[in-house]
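# Remarks on the overall topology
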Amino acid sequence: MKDVNLIATLRERAGLTQSELASQLDVSENTIANWEKGSASKWIRQLHKLCSLLHCSLDDLLVAGEDKDERKISLLTPRILEIVQKRCYSLSKQDRKAAAKIASYATFYDPDLRYWLEQADHIIGPWSSQSTEELDCEDVANTLMLQNLLNQLSCVPPDDITFCRFQKLLEPVGLTNNYLERSAVFGSNCYQRKHILQTHPLAVYVIGWKPGQIAGMHHHGNALDAIQVVKGEMAYWMLTPEESERQNVPFEGGEVAARDKSEPHTIVKAGEWVFVDRCHAHQIANRSNEDLITLHFRVGPPPKDNNWTSSGKEEQHLLRWTQVDECILTLA
Ligand SMILES: [Fe+2]
C-alpha cells in the first residue's frame, strides 16, 4: 500500500523519530508504528470519501475542527482579495461611485469582506488625505497578504508553531514579484537587506545579492525561517542542529565572512522555497552571474543584533519599514 512507505519516508525526511512524532501528535509510539505498517490507510480513504460525499475539501474539514479562536479570524481568500483590489482600482481612478457600491455590498452581505475592506481603508486613509500621490494598489494588496499571515500566526504562541504548520501558512503567501523587485536594494561590496515588515513574532525582508556575494553560516536560534527566491539562483547550504553546535555556528548577526568554497547542498531557483527548522544553520551565496533577490520570513523571538530596529511607529495596519541594513560581510 502506497501510504505505508509514504508516512515513514516523510517522517524520516522531516528528521523525526517515531517517538518524536508520537509526542508531537500526542499519540503512542505504537500508533505511529501501526500507521507506518498500514493501519492509517483505511481512515485516510474514509476521510477522502467523506469529503467527496459532503462536497468539501480536506482543508474545509480541518478548518471546521480547529480552535474556536482560530475560526474567528477573517481569512483573506483569493475572492476577497480580488474584490478589495477592484475597490482600490476604482478609488485610484477616482471612481468613487463604483468603490462605494463594492463597500455597500460588503457591509450588507459578508463580514469577512467587510473586515478586509476596513483593513485596506487603514492603508488608503493617509493616501486620500494627501491626494497628490497615486494610490499604489499593488502595495495595498501585498500589505493585506502580510496582515493575513500575521493574523494567522497570532493565534498560536510563536514557540508552539510546528514546522509543518509554518510551511502550510507560508506557501500560499503570494507577494508580487514586481513589488519585491521594487523593494530590493543592492550594494557593490555586500548584500543588502531591506525590511518590509517587522513585528513580533514576524519579520519579513528582501535581500539583494550581486554575483559573488555571500552570507556567513549562521542559525536563527528558536526562530523558524522561510526563504523564497524571487529572482536568480540561490546557492544554499544547511546544517543540522548537531552539526551547527559541533561547528560553533554563530547566531544571526554574529556570522563572519565565509571562505567556504565547497559545493552548495542545493541550488534554489526563482519561485522555489526553502524552509529552515529551529536551530538549523544555513548559508546563502549568489554564485551565478546574475543578480539574486531573496524574500525571507522569520517567525520567532526577535533577533538579538542591533541592526533590527523598527521605525518606532505603533501603527498596526501600515506595516512597512524602509530601513536598509549595512551588512558586515564582504565578497567571498
Ligand atoms: Fe538566515
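First, a word on what this report is: a plain description of the structure on this page. Just so it is clear, the model here is predicted, and its values are computed rather than measured.

### Overview of the overall build of the protein
Secondary structure summary: the protein contains 12 helices and 10 strands in total. Considering the protein as a whole, with its 332 residues, one finds that 26% of them fall into the buried category. Partitioning the contacts of the protein with sequence separation of at least 6, the portion at a separation of at least 24 is 79%.

### Notes on the environment of leucine 170
Along the chain, the position of leucine 170 falls in helix H10 (residues 163-170). For leucine 170, a count of 18 C-beta atoms within 10 Å corresponds to the partly exposed category. Separated by 105 residues in the primary sequence, leucine 170 and phenylalanine 275 place their C-alpha atoms 9.4 Å from one another. If we skip the residues at most four places from it in the chain, leucine 170 touches Ala226 and Phe297.

### As for the packing of helix H6 (residues 78-92) against helix H9 (residues 137-153)
Running from N to C, H6 and H9 point in directions that differ by 150°, and their axes come no closer than 9 Å. As the angle between them shows, H6 and H9 are arranged roughly antiparallel. As for the relative orientation of H6 and H9, their crossing is right-handed in sense. Note on element contacts: H9 touches H6 through Cys137, Val140, Ala141 and Leu144, opposite Leu81, Val84, Gln85, Cys88, Tyr89 and Ser92. When grouped by side-chain class, the residues that make up the contact of H6 with H9 number 8 nonpolar, 2 polar and no charged.

### Focus: unusual backbone geometry
Although it is not a glycine, asparagine 248 adopts a positive phi angle of roughly 55°. Summarising the element assignment, asparagine 248 is placed in the loop between helix H12 (241-246) and strand S6 (266-269). Residue classification places asparagine 248 among the exposed residues on the basis of 7 C-beta atoms within 10 Å. Backbone geometry at cysteine 279 places phi at a positive 65°, although glycine is not the residue there.

### Remarks on the sheet that holds strand S5 (residues 233-239)
Taking strand neighbours across the sheet as the criterion, the 4 strands line up as S3-S8-S5-S6 in an open arrangement whose pairing is antiparallel. Among the strands making up the open sheet, the edge pair consists of strand S3 (218-219) and S6. As paired elements, S5 and S6 share 4 bridges and run antiparallel to each other. Residue pairing in the sheet places methionine 234 in a bridge with valine 268 of S6.

### Considerations on H6
Quick reminder: α-helices carry 3.6 residues per turn. Residues three or four places apart thus point the same way. Its 15 residues give H6 an end-to-end C-alpha distance of 21 Å, which sits within 8% of 21 Å, the value for a rise of 1.5 Å per residue. Among all positions of H6, only Ile80, Val84, Arg87, Cys88 and Leu91 are buried. Axial view of H6: buried residues confined to an arc of 100°, hence all on one face. In this structure, H6 carries Pro78, Arg79 and Glu82 as exposed residues pointing more than 90 degrees from its buried face. Positive backbone phi, approximately 60°, marks glutamine 94, located one or two places after H6.

### Some words on the nonpolar core
Val204, Tyr205, Val206 and Val299 are the most contacted members of the largest nonpolar core, which has 32 residues in total. Breaking this core down by element, the ones donating at least two residues are H9, strand S2 (202-209), strand S4 (224-231), strand S8 (281-285) and strand S9 (292-299). Of the residues forming this core, the biggest block, 6 residues, is contributed by S2. Here this core gathers at least three residues from each of two domains, domain 2 (78-160) and domain 3 (170-325). The residues touching valine 299, leaving out its near neighbours within four places in the chain, are Leu153, Pro158, Ile161, Phe166, Pro201, Leu202, Ala223 and Leu224. Counting residues in each nonpolar core, the second largest holds 16 residues, with Leu76, Leu91, Leu113 and Leu144 among its members.

### Quick notes on the pairing of S8
Of all 5 residues making up S8, 5 are buried, and the element is well covered by its neighbours. Alternating positions in S8 separate into two faces, Ala281, Gln283 and Ala285 on one and His282 and Ile284 on the other, with burial throughout. As defined by bridge partners, S3 adjoins S8 across 2 bridges and the pair is classed as antiparallel. Directly across from histidine 218, in S8, lies its bridge partner histidine 282.

### Quick look at the environment of leucine 135
Here leucine 135 shows up in the loop between helix H8 (111-129) and H9. When the 18 C-beta atoms within 10 Å are taken as the criterion, leucine 135 is described as partly exposed. When near neighbours in sequence (up to four residues on either side) are disregarded, leucine 135 contacts Cys88, Leu91, Ser92, Ile124 and Trp127.

Rules used throughout
Residues numbered from 1 in each chain as written. Predicted model: local features only at pLDDT ≥ 70, side-chain atom pairs only at ≥ 80, totals over all residues. Helix = DSSP H or I, 4+ residues; strand = E, 2+ residues; numbered from the N terminus. Buried ≥ 20, exposed ≤ 12 C-beta atoms within 10 Å, placed from the backbone. Contact = placed C-beta atoms within 7 Å. Axes fitted to C-alpha atoms, helices over the stretch in contact; angles between N-to-C directions. Parallel < 35°, antiparallel > 145°, perpendicular 65-115°, else oblique. Left-handed = near helix turned anticlockwise from the far one by under 90°. Nonpolar A, V, L, I, M, F, W, Y, C, P; charged D, E, K, R; others polar. Pairing = 2+ DSSP bridges. Expected span 1.5 Å × (residues − 1). Arc of directions from axis to C-beta. Core = buried A, V, L, I, M, F, W, Y, C linked by C-beta atoms within 7 Å. Domains from an automatic or database assignment.

Honestly, that's just the spatial picture; any functional story needs more than this.
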